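Coordinate analysis (summary)
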Amino acid sequence: MSPELLLAFDDEWPLAEALAAALALPLQRIERHRFPDGESKLKLPAALPARVALLRGLQDPNSKLVELLIAAPAARALGAQELLLVSPYLAYMRQDMAFTPGEAVSQRHIAALLASQVDALVTIDPHLHRIASLDEVMPGCRSRALTAAFALGAWVAARVPQALLLGPDEEALQWVAQAGQAQGLDHAVCRKQRFGDRDVRVALPAVPLAGRAVVLMDDVASTGRTLIEAASACLAAGAATVDVAVTHALFIGDALAQLRACGVREVWSSDAVPHSTAVIPVAPLLAEAIRQL
Ligand code: R5P
């Protein structure tokens, strides 16, 4: 599918402009109004071409999902016949099994809901841990799950010579291994146990950390507790410096301040999610994938 137009919301405008430029596409805005009772009204361009790309990351997931569920059928009603969702951050992907009886497997249900609305999806580092591909949960929708690991690795390699790329949990092995191999950097992962939203314990791997420049790499930072625990353990083990590179900087509440307070030097993220730490551009990655769809 080669889209003829990119539609985007105001809160993702810098990425929208970069992506539209990379694809040489016209860019138009979806206007939003929030009513006093919390409902949203959307206004799209009055006439749309047949093939439309819609940029909507799902950070702040519940309100953005509702906007998406209004915008997608509205785009079809206004002329779009093929709809590509570009969702750099795909929410609800971490709840990928029923950890206790009765728990909804949100990943499966949200992915199926999105698949019912769009023809194709491009996303970045969507936390596929217990499934190998989004195809398993998005029937009838062409999907591409990209990774920012190589871009993060290149950014780190240019700034931290001889860095040890450390994943704060075993699920991060895929990202530190890809980035480490591409850049010729050492990599390892910690072991993590989560007891609650903000109750996380991290055990360091059996590699010497004294005097090392450690860069913690992960797909998403939410409460920041995973990174805080890992960074504190690294510094206690004698690491010379600890920096952080993540794809999706959610950093809820004061998570970023707490991360800096525990002794972390630099925090870098991709601009998949708009954030003050976002320095690593993903538009080239997204554009290349969209061209190949
Ligand atoms: C889960 O395994 C993810 O890769 C992240 O490590 C996790 O979601 C981070 O969450 P938080 O920042 O709340 O510890």
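Coordinates for the structure precede this section.
Below: a short report on this structure. These numbers were taken from a predicted model, which means no experiment stands behind them.

**Overview of the sheet that holds strand β14 (residues 267–270)**
- Taken in spatial order, the six strands of this open sheet run β9-β8-β12-β13-β14-β15, and their pairing is parallel. This sheet does not close on itself; its edge strands, each paired only once, are β9 (186–189) and β15 (278–280). In this sheet, adjacent strand axes meet at a mean angle of 35 degrees when their direction is disregarded.
- Helix α5 (residues 173–183) rests against β8 (164–167), β9 and β12 (213–221) of the sheet, and its axis sits at about 175 degrees to β9.

**Some thoughts on the side chain of Thr 247**
- Residue placement: Thr 247 occurs in strand β13 (residues 241–249).
- Among all residues touching Thr 247, those that are not within four sequence positions of it are Ile 124, Asp 125, Ala 148, Leu 152, Asp 218, Asp 219, Ser 269, Ser 270 and Ala 272.

**Some details on helix α3 (residues 106–115)**
- Turning to α3, its buried residues number three or more, namely Ser 106, Gln 107, Ile 110, Ala 111, Leu 114 and Ala 115. Projected down its long axis, α3 carries its buried residues within an arc of 155 degrees, all on one side.
- Residues of α3 that are buried in the fold lie against α2 (61–77) and β5 (82–87).

**So, the packing of helix α1 (residues 13–23) against helix α8 (residues 283–292)**
- Interhelical geometry of α1 versus α8 gives an angle of 45 degrees and a closest axis separation of 9 Å. Between α1 and α8, the crossing angle belongs to the class labelled oblique. Seen from above, α1 lies across α8 with right-handed handedness. The segment α1 lies against α8, with Leu 15, Ala 18, Leu 19, Ala 22 and Leu 23 engaging Ala 283, Leu 286, Ala 287, Ile 290 and Arg 291.

**Looking at the sheet that holds strand β3 (residues 40–43)**
- One open sheet holds the seven strands; their spatial order is β3-β2-β1-β4-β5-β6-β7, and the pairing between them is mixed. Of all the strands in the sheet, the pair left with one neighbour each is β3 and β7 (142–146). When the angles between neighbouring strand axes are averaged without regard to direction, this sheet yields 20 degrees.

**Remarks on the pattern of salt bridges**
- Overall, the coordinates contain 18 salt bridges when judged by the stated rule.
- A salt bridge links Arg 56 to Asp 11, with the shortest nitrogen-to-oxygen separation between them at 2.5 Å. With a gap of 45 residues between them, Arg 56 in the loop between β4 (51–55) and α2 and Asp 11 in the loop between β1 (5–9) and α1 connect regions that are remote in the sequence.
- Its relative accessible area of 0% is what places Arg 56 among the buried residues.

Calculation rules
Numbers given to residues run from 1 along each chain, matching the order in which its sequence is written. Residues qualify for local features only when their pLDDT is at least 70, as the model is predicted, and side-chain atom pairs are given and counted only at 80 or more; totals for whole chains, interfaces and linings, by contrast, use all residues. Side-chain measures were taken over the full set of non-hydrogen atoms in the model, leaving aside hydrogen atoms and water. A pair of strands is labelled paired if DSSP reports no fewer than 2 bridges between them. Each helix is a run of DSSP H or I of at least 4 residues and each strand a run of E of at least 2, with the numbering of both proceeding from the N terminus. Lines fitted to the C-alpha atoms define the axes, with helices restricted to the stretch that makes contact. Angles between their N-to-C directions range from 0 to 180 degrees. In this analysis, two residues are considered to be in contact whenever any of their non-hydrogen atoms come within 4.5 Å of each other. Buried means the residue's accessible area, taken with a 1.4 Å probe over protein chains only, is under 20% of the maximum for its type, while exposed means over 50%, and partly exposed covers the values in between. Our arc is simply the arc of the directions from the helix axis toward the C-beta atoms. With respect to orientation, any angle under 35 degrees is reported as roughly parallel, any angle over 145 as roughly antiparallel, any angle of 65 to 115 as roughly perpendicular, and every other angle as oblique. Rotating anticlockwise by less than a right angle from the far helix to the near helix defines a left-handed crossing, while the corresponding clockwise rotation defines a right-handed one. When a carboxyl oxygen of Asp or Glu lies within 4 Å of a side-chain nitrogen of Lys or Arg, that pair is called a salt bridge.

This is a description of form; function is not addressed.
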